[in-house]
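Chains, contacts and geometry: an overview
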Amino acid sequence: MTNENALKQPAPHAHTHSHGDDHGHGHADSHAKPHAHAADACCGGASSHGPIPLSPDLGDAGGVPKGAQLFRIATMDCAVEESEIRRALEPVAGVKALRFRLGERTMAITTDEGALPEALAAIRKAGFKPEPLNAAGGPASGTQAAAAPAQIAGMSVGLARLVAALVLAIAAESISFMGFESKGFMAAEMVLALGAIGLAGLDTYKKGFAALVRGRLNINALMAVAVTGAFVIGQWPEAAMVMALYAIAELIEARAVDRARNAIQSLLALAPEQAEVKQPDGSWHTVMANAVALDAVARIRPGERVPLDGVVTAGSSAIDQAPVTGESIPVDKTVGDPVFAGTINQTAALEFRVTAVAANTTLARIIHAVEEAQGSRAPTQRFVDRFAAIYTPTVFVLALAVAVLTPLFMDWTWLQALYKALVLLVIACPCALVISTPVTVVSALAAAARRGILIKGGTYLEEARKLKAIALDKTGTITEGKPKLVASSLLDASGNEAAVFAIAASIAGRSDHPVSKAIAEGLKGAREEAGEADGFTALAGRGVQATVGGQAYVLGNHRLIEERGLCTPALEAELKGHEEAGRTVTLLASNTAVLALFAVADTIKLSSQAAVAELRALGVVPVMLTGDNAATAKSIGTHAGIEDVRGNLLPEDKLAAVKALQQRYGAVAMTGDGINDAPALAQADIGFAMGGAGTDTAMEAADVVIMNDDLRRIPETIRLSRRAHAVLWQNISLALGIKAVFFVLAVFGSATMWMAVFADMGASLLVVANGLRLMRASR
């Protein structure tokens, strides 16, 4: 029995290094830092979120901090709004912690007693309307009856209002185009324009005015100044058209961004709202899934989805686990096997004991982890934020220079100069630039989650493409993680194979040693043919002995047979061959002869060879680090296609090996699932944990969790990282390129304000659509 044959328990992944990301994962690693954005994520402006921390004290899987009040803010769909709310709350005494979920448009706020009204007043003054929700995310009493229907209804009303604004703007443009110059037509033109601006731009003006009062230059401030300026200089139809087009494009863009942010939320629909639960009197009643208590017994029929996590207590069936683990092949389940919420029962009825309430199922924790990852800042996103913080004020100053200086030094009238400056203000908005990164990152995170790859943040998504080497644990990572009977042979030519194997099965069945269990499992069909083993005795470090049918036998290792003087040169040669192949050999012997040989090994996963080949094709060097003996390690490594194999390693040896690999190759990942992997996982640039489905610690342990133990998900993660990086820079190039073209046209050509809006929002929609392409990876 090797020292890694038993299944290992995952260990907490205590990172001691820093990836430079601002985490909001909620998992226990020492590099998780307070959430603080370096700059606004949308539309520029330097930002410092001040002393209000991101609360780490999570009250449930939904991420609502204990003692916090939950609010929905319908117009908070971009990180700039989060920044503005944080900034508005900085002077309010008594605000202890904030937690934002942009995808859900929710804010959890923890305050001292009596400070909440002042905090809400500050948020409203900044132009936002916080609506109270209960801890589960539903409306509190006295608010709208249901959040989702209200949001849909609000969206419909908002779209109708914007369409009406666009109709009025087109009417004003039509009057201007036809060239009517009478006072009546001019008055009608002005009234239509005012109506369009009023319908489309009230929210923009409120937010813009609030930003200007605080000395902020965000998109709302820029649009408010530009539209007001155009109206003042008599460009009424154009001012109306700009505001209407901007508002409509904002709505379309927000819906597109929501598609990316809420992609993972579609998984929630996979878990049924109701469960059939066994009552104390033995009857079955259907109840709401969120009301089912731990250890309750539930039942699912063929074709139904599993409502909650649990352990099978009765029945056998095949379960489609693709929603949780990404596995395409159904998994057989019987008594004692785990089942996960959202998976699909296929062939027969099952009863299971509930092991997690609805808010804490594996599916819910996957969604929570991805939502937390969406809130973290990827390196490219932080770079773009810093760039936008400089870019917007710079363009604003340039527009001011155009308005003031060009009439003095160029042949422009003051009106022409002012108009061109207003066009530049519209172009100045870096929304397309800044929105390109979160949409791309979120799309990639959602695509990965649908494939059973749980990436804990944008940093790890981006950094995976840089990996040059990956250290792989053996047991449970490359191999199945449990011993199996792989070879058996009858050594006594005069014996009956069936009878001898039945004796071995009977004796092995009495032992709880992993090797004996593997033999008993491998010979379970033969066990019934022999009588029960009596006088069972363990021989420490050697094996066991027992009596079957009145005759004494031993089932033990090489040493036991040598001590009994039963070894022969032929047996020694056969044992040597098995041991060189990394197998643990057990022998059945009577008092006079060795009767049979049984070889047990931890078998390699079917996916491991393909995974190693894919890693090599990507230019990543695979290295095996294991505590197992050198012969076994070499055998497994050869089968997997790994040349660099290192055995007999203690936890500190694995740590030293990872450090050496980092010095030699650069960025290095570590993949493991056990306690002895924790130091190496902490040292590695990215830690991959295997087998996160149903394993609480693994879900919290590493930077990337492979939910279904399939090693091929690691090269898939690297490929996704490379694609995401390429799309990120495509989007940045698109956004800056389009702005550069219209910037030149605005100054030296004939670009109009509404053309500038089309350019800006067109670029935004282009980068959003390009980022959403990454979600195809999950299909």
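Cut-offs applied
Within every chain, residues take consecutive numbers counted from 1 along the sequence as written. Reporting in this predicted model follows two pLDDT cut-offs: at least 70 for local features of residues, and 80 or more for side-chain atom pairs to be given and counted; totals over whole chains, interfaces and linings ignore these cut-offs and use all residues. Each side-chain value is derived from all of the structure's non-hydrogen atoms; neither hydrogens nor water enter the calculation. Only runs of H or I of at least four residues qualify as helices and only runs of E of at least two qualify as strands under DSSP, and these elements are numbered from the N terminus. Buried residues are those whose accessible area, probed at 1.4 Å on protein chains only, stays under 20% of the maximum for their type, while exposed residues exceed 50% and partly exposed ones sit between those limits. Working rule for contacts: check all heavy atoms of both residues, and any pair within 4.5 Å makes them a contact. The protein chains shown are the only cover counted for residues, whose accessible areas, like all others here, come from Shrake-Rupley with a 1.4 Å probe. We define a salt bridge as a contact between a side-chain nitrogen of Lys or Arg and a carboxyl oxygen of Asp or Glu at a distance within 4 Å. Any two of the Phe, Tyr and Trp rings considered here, Trp counted by its six-membered ring, make a pair once their centres fall within 6.5 Å; the pair's planes then place it as stacked at under 30 degrees, edge-to-face at over 60, or tilted in between. Each ring is checked for a lysine NZ or an arginine CZ that lies within 6 Å of its centre and within 35 degrees of its normal; such an atom marks a charge sitting over the ring. Here the rule is simple: two strands pair whenever DSSP picks up at least two bridges between them. Positive charges come from Lys and Arg alone, negative charges from Asp and Glu alone, with His and the N- and C-terminal ends not counted. Here a polar contact is recorded for every N or O atom pair within 3.5 Å, except that within protein the pair must consist of a potential hydrogen donor and a potential acceptor, and residues adjacent in sequence are included only if both atoms are side-chain atoms. Like-charged residues within 9 Å of one another, or nonpolar side chains (Val, Leu, Ile, Met, Phe, Trp, Tyr) within 5 Å, are grouped into patches, provided each residue has over 30% relative accessible area and no salt bridge. Buried Ala, Val, Leu, Ile, Met, Phe, Trp, Tyr and Cys residues form a nonpolar core when they are joined through side-chain atoms within 4.5 Å. For helices, the fitted axis covers only the stretch in contact; all axes are lines through C-alpha atoms, and the angles between them, taken along N-to-C directions, range from 0 to 180 degrees. The scheme is simple: roughly parallel for angles under 35 degrees, roughly antiparallel for over 145, roughly perpendicular for 65 to 115, oblique for anything else. Left-handed describes a crossing whose near helix is turned anticlockwise from the far helix by less than a right angle; the clockwise case is right-handed. Under the scheme applied here, ten amino acids are nonpolar (Ala, Val, Leu, Ile, Met, Phe, Trp, Tyr, Cys and Pro), four are charged (Asp, Glu, Lys and Arg), and all others, including Gly, are polar. Per-residue confidence from the predictor is given as pLDDT, running between 0 and 100.

The next thing to look at is the overall build of the chain. When its secondary structure is counted, the chain shows 24 helices and 26 strands. Here the chain, with 779 residues, has 53% of them falling under the buried criterion. In the chain, the share of contacts with a sequence separation of at least 24, taken over all contacts with a separation of at least 6, comes to 70%. Per element, the accessible surface of the chain, about 31400 Å² overall, is 59% carbon and sulfur.

This brings us to the pattern of salt bridges. Tallied over the full model, the rule gives twelve salt bridges. Measuring nitrogen to oxygen at the nearest pair gives 3.3 Å for the salt bridge that ties E463 to K466. In this structure, the salt-bridge partner of R542 is E563, at a minimum N-O distance of 2.8 Å. Of this pair, R542 sits in the loop between β17 (534–539) and β18 (543–548) while E563 is found in helix α16 (residues 558–563), placing the two residues 21 residues apart along the sequence. Here the residues in one salt-bridge network are E276, R299 and R301, joined through shared partners.

Attention now moves to the packing of aromatic side chains. Tallied over the entire structure, the rule returns two aromatic pairs. Seen in terms of ring centroids, F231 and W236 are 6.2 Å apart; in terms of plane orientation they differ by 45°. Their pairing is tilted. Per residue, the accessibility class of F231 equals that of W236, and both read buried. We note R299 situated over the ring of W284; from NZ or CZ to the ring centre the distance is 4.3 Å. The positively charged end of K420 is found above the aromatic ring belonging to W412, 5.1 Å away from the centroid.

The next thing to look at is the pairing of strand β9 (residues 317–320). Of the two faces of β9, both are covered, the one formed by S317 and I319 as well as the one formed by A318 and D320. Judged from the three bridges that link them, β9 and strand β10 (residues 331–333) form a sheet pairing that is antiparallel. Bridging across to β10, A318 finds its partner in D332.

Examined against the element boundaries, K333 turns out to sit in strand β10. Of the side chains bearing the opposite charge, D337 lies closest to the buried K333, which forms no salt bridge; the N-O distance is 5.9 Å. A distance of 2.8 Å separates polar atoms of two side chains, one belonging to K333 and the other to Q321. Residues contacting K333, with those up to four places away along its chain left out, are V312, G315, S316, S317, I319, Q321, P338 and V339.

It is worth spelling out unusual backbone geometry at this point. You will see that D295, though not glycine, has its phi angle at about 70°, which is positive. As for its placement among the helices and strands, D295 is situated in the loop between β6 (284–288) and β7 (297–300). Backbone geometry at N648 places phi at a positive 55°, although glycine is not the residue there. Examined against the element boundaries, N648 turns out to sit in the loop between β23 (644–646) and α20 (651–665).

Below, the discussion takes up the sheet that holds strand β11 (residues 338–339). The antiparallel open sheet is built from six strands, whose spatial order is β6-β5-β7-β13-β8-β11. Every other strand in the sheet has two partners, leaving β6 and β11 as the edge strands with one partner each. The pairing of strand β8 (residues 310–314) with β11 spans two bridges and is antiparallel. For V311, the partnering residue across the bridge sits in β11 and is P338.

This part covers a nonpolar patch on the surface. A cluster of nonpolar side chains, L400, V404, L405, L408, F409, M410 and W414, forms an exposed patch at the surface whose accessible area comes to about 760 Å². If one sorts the elements of the nonpolar patch by residue count, helix α9 (residues 379–409) sits on top with five residues. By secondary structure assignment, the location of V404 is in helix α9.

Let us now look at helix α19 (residues 630–640). What α19 keeps buried is the set T632, A633, S635, I636, G637 and A640. Positive phi shows up at G641, right after α19, with a value of about 90°.

It is worth spelling out the environment of G67 at this point. Mapped onto the elements, G67 comes out in the segment before β1 (69–73). On the accessibility criterion, G67 (65% relative accessible area) is exposed. Each C-alpha atom of the pair G67 and T111 lies 8.6 Å from the other, and the pair is 44 residues apart in sequence.

Tracing the chain through its elements places G481 in strand β16 (residues 479–490). Taking the relative accessible area as the measure of exposure, G481 reaches 0% and is therefore buried. Each C-alpha atom, one on G481 and one on A601, is 9.7 Å from the other, the two residues being 120 residues apart in sequence.

On to the nonpolar core, then. Among the nonpolar cores identified, the biggest contains 54 residues, and M223, M753 and V757 are the most heavily contacted of them. Within the residue set of this core, elements represented by two or more residues are α3 (147–178), α4 (183–213), α5 (219–232), α6 (236–261), α9, α10 (414–428), α23 (713–748) and α24 (753–772). In terms of residue count, α6 provides more of this core than any other element does, twelve residues in total. For M223, the contacting residues outside a window of four places in its chain are T204, V242, Y246, V426 and V757. L461, I636, A724 and V727 belong to the second largest nonpolar core, which has 36 residues in total.

A few words on the packing of α5 against α10. Close contact between α5 and α10 brings their axes to 9 Å; oriented N to C, the two are set at 155°. Comparing the axis directions of α5 and α10 gives the class roughly antiparallel. Considering only the axes of α5 and α10, their crossing is left-handed. Every residue of α10 that contacts α5 at L222, M223, V225, A226, G229 and A230 is listed here: L422, L425, V426 and A428. Looking at side-chain class alone, the contact of α5 with α10 contains nine nonpolar, one polar and no charged residues.

Another aspect to go through is the sheet that holds β23. If you walk across this open sheet you meet the seven strands as β14-β26-β25-β24-β15-β22-β23, and the pairing is mixed. This sheet does not close on itself; its edge strands, each paired only once, are β14 (453–455) and β23. When the angles between neighbouring strand axes are averaged without regard to direction, this sheet yields 20°. With four bridges joining them, strand β15 (residues 469–472) and strand β22 (residues 621–625) adopt parallel strand pairing.

In terms of strand pairing, strand β5 (residues 274–278) meets β6 through five bridges, oriented antiparallel. Bridge assignment links A275 to a residue of β6, and that residue is V287. Here β5 folds back onto β6, and the loop between the two strands holds five residues, one of which, G282, carries a positive phi near 90°.

Right, let's talk about the environment of M707 for a bit. When you line up the elements, M707 lands in the loop between β26 (704–706) and α23. Between the C-alpha atom of M707 and that of T325, which follows or precedes it by 382 residues, the distance is 4.9 Å.

Once that is clear, we can look at the confidence of the model for the chain. In this model, the chain carries a mean pLDDT of 78, and residues with pLDDT of at least 70 account for 80%. For the chain, the element scoring lowest by mean pLDDT is helix α22 (residues 696–701), at 59; β15 scores highest, at 95. Taken as a whole, residues 1–62 scores under 50 in pLDDT and shows 223 contacts with residues more than four places along the chain or in a different chain.

Now for the packing of α10 against α24. Taken N-terminus to C-terminus, the directions of α10 and α24 make an angle of 15°; their axes are 9 Å apart at the nearest point. What the angle tells us is that α10 and α24 run roughly parallel. Crossing of α10 over α24 shows right-handed handedness. Touching Y419, L422, V423, V426 and I427 of α10 are M753, A756, V757 and D760, all from α24. Residue composition of the contact of α10 with α24, grouped by class: eight nonpolar, no polar and one charged.

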